[in-house]
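Coordinate analysis (summary)
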Amino acid sequence: MQPTDRRLANAIRGLAMDAVEAANSGHPGMPMGMADAATALFTRHLKFDAADSHWPDRDRFILSAGHGSMLLYALLYLTGYERPTLEDIKRFRQLGSPTAGHPENYEMPGIEVTTGPLGQGLAMAVGMAVAERHLNAIYGDELVDHRTFVVAGDGCLMEGINHEAIGLAGNLKLGRLIVLWDDNHITIDGSTDLSRNEDVVARYQAAQWHTCECDGLNADDVSRAIDEAVGDPRPSLIRCKTIIGFGSPNKQGTAATHGAALGKDEVEAAREGLGLPAEAFAVPDDILTAWRAAGKRGAVDHALWKERLEASSAKDDFLARLNGKVSDAWLRPYLDKLFADLKPVATRKASEMALEAINAAIPATIGGSADLTGSNNTKTRALEPLTHDNYAGRYIYYGIREFGMAAAMNGMALHGGVIPYGGTFLVFTDYARPAIRLSALQKAPVIFVMTHDSIGLGEDGPTHQPIEHLQSLRAIPQLEVYRPADAVETAECWALALASELPSILSLTRQNLSPVRLERTEENLSARGAYRLKAAGKARKVIILATGSEVEIGLAAADRLEQQGIGTDVVSMPCTERFDAQPWDYREDILPDVSNREILRVSIEAGTTFGWERYTGLHGLRIGIDRFGVSAPAPDAYAYFGLTPDKIVERITDFMKQRGIQ
Ligand SMILES: Cc1ncc(C[n+]2csc(CCOP(=O)(O)OP(=O)(O)O)c2C)c(N)n1
Ligand SMILES: [Mg+2]
């Protein structure tokens, strides 16, 4: 006899309780409340094949309520993915186990994205659904025809990013996106009445979503609602009415089940009530067999898909797209053209020039901006808008939704087949920062085009002038921050960003910059992170380290110092992360390990000096801006903060005199 859906769901409940109990840490309530809904989704609707977690046309499942990680781990185990094993589940949340506290995409296949910061899973799912429709428009139903399912909690729907994400999805009419809302009326602090009285469903409807409701504890009813959602052309919100911790006789329906082990006695009572075996982690044979069969449901579809791929004339192209590697063949001819006609240009404009070549050569790029297209210079001529009636377009008008944009880009990158880049002002990385952090943590190779990168933006003043931003972004692990000094470096940095497996930030100027790289090199010098742009003419007494717009100022200052007999190197440092990764010899050559009395190191960056002592040494000279900016034309702002060659020479020579440096 087929086990009932409830018995299948109870296997999830048992594993969730037991794993949390063993770890004495974790969240049993959410998996127990959503077990029936997840059973309906995984045994009847979700297109997947547990034998191949990388099948490109699988439906994507996103557990946005990442604290309920045991729901996902139980599903992956029960349906027969390679990992987690039962041993992994027994080691829930322990060092070295892939069953981390929250699902991490790099731990196990089957985990599409890293979730835990509430709301971001749903926002990434929007990007996944965009990537699916875009690739569908190119490759057709025969190769790309899948859905994105999300399980989200009250928290995901309260977070501000929810507003951005659903607005974007509604406007793009992403009908393949289906969100199951775990409407359990509970968050950590207690009843949702404590903090929410909005009509969530009406809010989704206002954003042009389809909505429906179901009894989330009844797999048949959930299944009916999923069918309804699948049938509607709009993105769907399914309100699943559930009870948190369902099955825990004394604690269900209360916040007590949210994030703590239920306790030995309560687990025993729950086990009895749910008809689970007495032994912890035990799954009855007939239940496991039924689950494993569900894990193979998609095998036939998968085989048919493979046949279609083999027969498709687009096969090689499709596989190359998914592989994600791109050629940098555009770079050399582009640089040839650039060197033939070097002239002052803002690096945001230089980025656009490079993008003209990149977008023509690499069809996988999808550009966009958070309503600053004309300022970020992210839209090249041939790119058509990606809209609900033209998913083949390659430019997304994200609207004023920096966080939503960044999260959607993460989703697109992790879906695969597309390379998202998107822009806003560098100062508004603050609005996107939680998603940028997740780009880095997940190694999602997205490219942020952040323009207006200093006081050089001028009159918009301190609210728009980044100060602490570059250094705080450099502090994020696994993120490459580039600040190119001219058009040549901008092209080099674009090539590095496109080749990288890590996310990148390009920090670009509003104002024009003079060319500083006047000679053609075979090597991509920016790849070293820092390189000697000008060698000291006289005995080297000073090394100026500068980035971006301050490199030309550093060069001018160096000329004046040389005239005074002070030999000065100028090092351009477009990417500190890359420099740090260079071999010792190289770093020693650029920044020799001698005292600042012998060779004074000076950093120049139009932002905080915080952290530059890493390169100048504690007794070096750090020139920057350790306060908020000013509203003034850019040249006046630079003069006000002493970021002019004359002022810098004065500071360097004074500093040398005070410290008795000859
Ligand atoms: C951005 C963010 N803020 C706070 C948290 C901490 N947190 C984890 S779960 C949770 C409550 C979420 O409530 P709900 O989504 O209703 O989950 P349930 O209690 O129903 O499982 C909070 C505040 C988080 N993970 N992410
Ligand atoms: Mg809740």
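Look up a bit, the structure's there.
A few points on the structure. For clarity, every value in this text was computed on a predicted model and none was experimentally measured. (Residues numbered from 1 in each chain as written. Chains lettered and ligands numbered in written order. Predicted model: local features only at pLDDT ≥ 70, side-chain atom pairs only at ≥ 80, totals over all residues. Heavy atoms only, no water.)

1. Observations regarding the overall build of the protein chain
Scanning the protein chain from terminus to terminus reveals 26 helices and 20 strands. Against the compact-globule benchmark of 26 Å for 662 residues, the protein chain has a radius of gyration of 28 Å, which places it among compact chains. The principal-axis extent of the C-alpha atoms belonging to the protein chain is close to 95 × 55 × 45 Å. Counting the 662 residues in the protein chain, one finds 62% classified as buried. The contacts in the protein chain between residues at least 6 apart in sequence include a share of 77% that link residues at least 24 apart. (Helix = DSSP H or I, 4+ residues; strand = E, 2+ residues; numbered from the N terminus. Rg over C-alpha atoms; globule rule 2.2 N^0.38 Å. Buried < 20%, exposed > 50% of the residue type's maximum accessible area, 1.4 Å probe, protein only. Contact = heavy atoms within 4.5 Å.)

2. Focus: the coordination of the magnesium ion (ligand 2)
Taken together, Asp154 (OD), Asn184 (OD1) and Ile186 (O) make up the protein donors of the magnesium ion (ligand 2), found 2.1 to 2.2 Å from the metal. Within one chain, the residues donating to the magnesium ion (ligand 2) are spaced in sequence as D-x29-N-x1-I. Of this pair, aspartate 154 sits in helix H6 (residues 154–158) while isoleucine 186 sits in strand S4 (residues 186–187), and the two are 32 residues apart along the sequence. Aspartate 154 gets classed as buried once you look at its relative accessible area, which sits at 3%. Since its relative accessible area comes to 12%, isoleucine 186 is described here as buried. (Donors = N, O, S within 2.8 Å, 3.2 Å for Na, K, Ca; no water.)

3. Considering the site of ligand 1
Neighbouring residues of ligand 1: 15 residues in total, closest His67, Gly116, Gly155, Asn184 and His258. Protein contacts shield 74% of the accessible area of ligand 1, which totals 590 Å² for the unbound molecule. Mapped by element, the contributors of at least two residues to the shell around ligand 1 are H6 and S4. A class-by-class count of the residues in the shell around ligand 1 yields six nonpolar, seven polar and two charged. (Near = heavy atom within 4 Å. Areas by Shrake-Rupley, 256 points an atom, 1.4 Å probe, with all protein chains shown as cover. Nonpolar A, V, L, I, M, F, W, Y, C, P; charged D, E, K, R; others polar.)

4. Here we look at the pattern of salt bridges
Evaluation of the coordinates by the stated rule reveals 43 salt bridges. Among the ionic pairs, glutamate 132 bridges to arginine 133, the shortest N-O distance being 2.7 Å. You'll find glutamate 132 and arginine 133 in the same group, each marked buried. The partner of glutamate 228 in a salt bridge is arginine 224, and the shortest N-O contact between them spans 3.7 Å. Separated by four residues within a single helix, glutamate 228 and arginine 224 lie in helix H9 (residues 219–231), roughly one turn from each other. What you see here is one network of salt bridges that share partners, running through Asp183, Glu213, Arg239 and Lys241. (Salt bridge = Lys/Arg side-chain N within 4 Å of Asp/Glu carboxyl O.)

5. Considerations on the environment of leucine 172
Relative to the helices and strands, leucine 172 is located in the loop between helix H7 (160–171) and strand S3 (177–183). Judged by its relative accessible area of 7%, leucine 172 falls in the buried class. Residues in contact with leucine 172, not counting those within four places in the same chain, are Val130, Leu386, Thr387, His388 and Tyr391.

6. Things to note about the sheet that holds strand S17 (residues 540–546)
If you trace the five strands from one edge of the open sheet to the other, you get S16-S18-S17-S19-S20, paired in mixed fashion. In the strand order of this sheet, the two ends are held by strand S16 (531–534) and strand S20 (621–623), each with one partner. In this sheet, neighbouring strand axes are inclined to one another by 30 degrees on average, regardless of whether the strands run parallel or antiparallel. Two elements, strand S19 (residues 600–604) and S20, share three bridges in a ladder whose sense is parallel. Residue pairing across strands places valine 602 opposite leucine 621, the latter belonging to S20. In the packing of helix H21 (residues 550–563) onto the sheet, contacts are made with S16, S17, strand S18 (567–572) and S19, and the angle to S18 comes to roughly 170 degrees. (Pairing = 2+ DSSP bridges. Axes fitted to C-alpha atoms, helices over the stretch in contact; angles between N-to-C directions.)

7. Thoughts on the pairing of S17
Counting buried positions along S17 gives five out of seven residues, so the element sits mostly inside the fold. Once you follow S17 into H21 and on to S18, the crossover reads as right-handed. As defined by bridge partners, S17 adjoins S19 across five bridges and the pair is classed as parallel. For alanine 546, the partnering residue across the bridge sits in S19 and is isoleucine 604. (Right-handed = clockwise from strand over helix to strand, strands pointing away.)

8. Points about the pairing of strand S11 (residues 419–425)
Most of S11 sits inside the fold, with seven of its seven residues counted as buried. Bridge analysis of strand S9 (residues 365–369) against S11 gives three bridges, and the strand direction is parallel. Across the sheet, residue serine 369 finds its bridge partner in S11, namely glycine 423. Sheet topology places S11 next to strand S12 (residues 447–451); five bridges connect them, and they run parallel. By the bridge assignment, glycine 422 is partnered in S12 with phenylalanine 448. Following the backbone out of S11, through helix H18 (residues 429–442) and into the adjacent parallel S12, one traces a crossover that is right-handed.

9. Thoughts on unusual backbone geometry
In this chain, arginine 83 is followed by proline 84 through a cis amide linkage whose omega measures 0 degrees. With respect to the helices and strands, proline 84 occurs in the loop between helix H3 (69–79) and helix H4 (86–90). Despite not being glycine, aspartate 371 shows a phi value in the positive range, around 70 degrees. Among the secondary structure elements, aspartate 371 is positioned in the loop between S9 and helix H16 (373–376).

10. As for the packing of aromatic side chains
Pairs of aromatic rings are described using the distance from one ring centre to the other and the angle between the two planes. This model, assessed by the stated rule, comprises 16 aromatic pairs. With 5.0 Å between their ring centres and 80 degrees between their planes, phenylalanine 42 and phenylalanine 61 make a pair best called edge-to-face. Residue phenylalanine 42 is located in helix H2 (residues 29–45), and its partner phenylalanine 61 is located in strand S1 (residues 60–63); the two are separated by 19 residues in the primary sequence. Each member of the pair phenylalanine 42 and phenylalanine 61 is classed as buried. Grouped by ring-pair contacts, the aromatic residues Phe42, Phe48, Phe61 and Tyr81 constitute a single cluster. Over the face of the ring belonging to tyrosine 586 we find arginine 528, whose NZ or CZ atom lies 4.3 Å from the ring centre. (Phe/Tyr/Trp six-rings, centres within 6.5 Å; stacked < 30°, edge-to-face > 60°. Lys NZ or Arg CZ within 6 Å of the ring centre and 35° of its normal.)

11. Looking at helix H1 (residues 5–23)
Helix length check: H1, at 19 residues, gives a terminal C-alpha distance of 28 Å against a target of 27 Å (1.5 Å per residue), a fit within 8%. Counting buried positions over the 19 residues of H1 gives 14, a clear majority of the element. Looking one or two places after H1, you find asparagine 24, whose phi comes out positive at around 50 degrees. (Expected span 1.5 Å × (residues − 1).)

12. What about the sheet that holds S12?
Reading across the sheet, the six strands line up as S10-S9-S11-S12-S14-S13 and stay open at both edges, with parallel pairing between neighbours. Looking at which strands have only one partner, the edges of the open sheet turn out to be strand S10 (395–397) and strand S13 (480–482). Neighbour-to-neighbour, the strand axes of the sheet open up by a mean angle of 20 degrees, direction not taken into account. Examined bridge by bridge, S13 and strand S14 (residues 504–507) share three bridges and lie parallel to one another. Residue pairing for S14: tyrosine 482 is matched across the bridge by leucine 506.

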